[in-house]
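Take a look at the letters that make up each chain.
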Amino acid sequence: MNTTAVSSPPASSTTTLTLPIKGMTCASCVAHVTTALESVEGVREVEVNLATERATVRLDPAVQPRALIDAVKDSGYGIGTEEAVLKIGPGEHPDSARL
């Protein structure tokens, strides 16, 4: 009888995400955000930096980013967002992008 071994990814396999955090003003804020992120199942390590207003999170690849965002928002802080609009079309307009 032939058998095939199926291997799963090693337990040390993690993904790293950096989140922009809004509304932190002191070390207590950092502690609140850290605790909130650490409470998400699958989060392995959290580092929150007040000066850069960023949280670096090491987590299992199965963790959905929405869970991290919700945890931060539920703790009373915000997630920074950025939006970029690119105009793509014919012509040499300076706002156009070439593909």
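Going by the structure above, here's the rest.
Quick caveat: nothing in here was measured; it's all calculated off a predicted structure.

Asker: Just checking my understanding: could you explain the side chain of Asp60 for this structure?
Answerer: Along the chain, Asp60 turns up in the loop between strand E3 (54-59) and helix H2 (65-74). Looking at Asp60, the relative accessible area reads 19%, which means it is buried. Engagement of the side chain of Asp60 in a polar contact is seen with the side chain of Arg44, the distance being 2.6 Å. When residues no more than four places from it in sequence are discounted, the contact partners of Asp60 are Ser13, Gly42 and Arg44.

Asker: Even after reading the chapter, I still don't get the sheet that holds strand E4 (residues 78-79), so can you show me in this structure?
Answerer: Adjacent strands of a sheet pair through backbone hydrogen bonds, lying either parallel or antiparallel. With respect to topology, 4 strands assemble into an open sheet ordered E2-E3-E1-E4, the strand pairing being antiparallel. If you trace the sheet from one side to the other, it starts and ends with strand E2 (43-49) and E4, each paired once. As judged from the 2 bridges shared by strand E1 (residues 15-22) and E4, these two strands associate in the antiparallel manner. Along E4, the bridge assignment pairs Ile21 with Ile79. Sheet contacts for helix H1 (residues 27-38): E1, E2 and E3; angle to E2, the most-contacted strand, approximately 160 degrees. H2 rests against E1, E2, E3 and E4 of the sheet, and its axis sits at about 30 degrees to E1.

Definitions and cut-offs
Residues numbered from 1 in each chain as written. Predicted model: local features only at pLDDT ≥ 70, side-chain atom pairs only at ≥ 80, totals over all residues. Heavy atoms only, no water. Helix = DSSP H or I, 4+ residues; strand = E, 2+ residues; numbered from the N terminus. Buried < 20%, exposed > 50% of the residue type's maximum accessible area, 1.4 Å probe, protein only. Polar contact = N/O pair within 3.5 Å; in protein donor to acceptor, adjacent residues only side chain to side chain. Contact = heavy atoms within 4.5 Å. Pairing = 2+ DSSP bridges. Axes fitted to C-alpha atoms, helices over the stretch in contact; angles between N-to-C directions.

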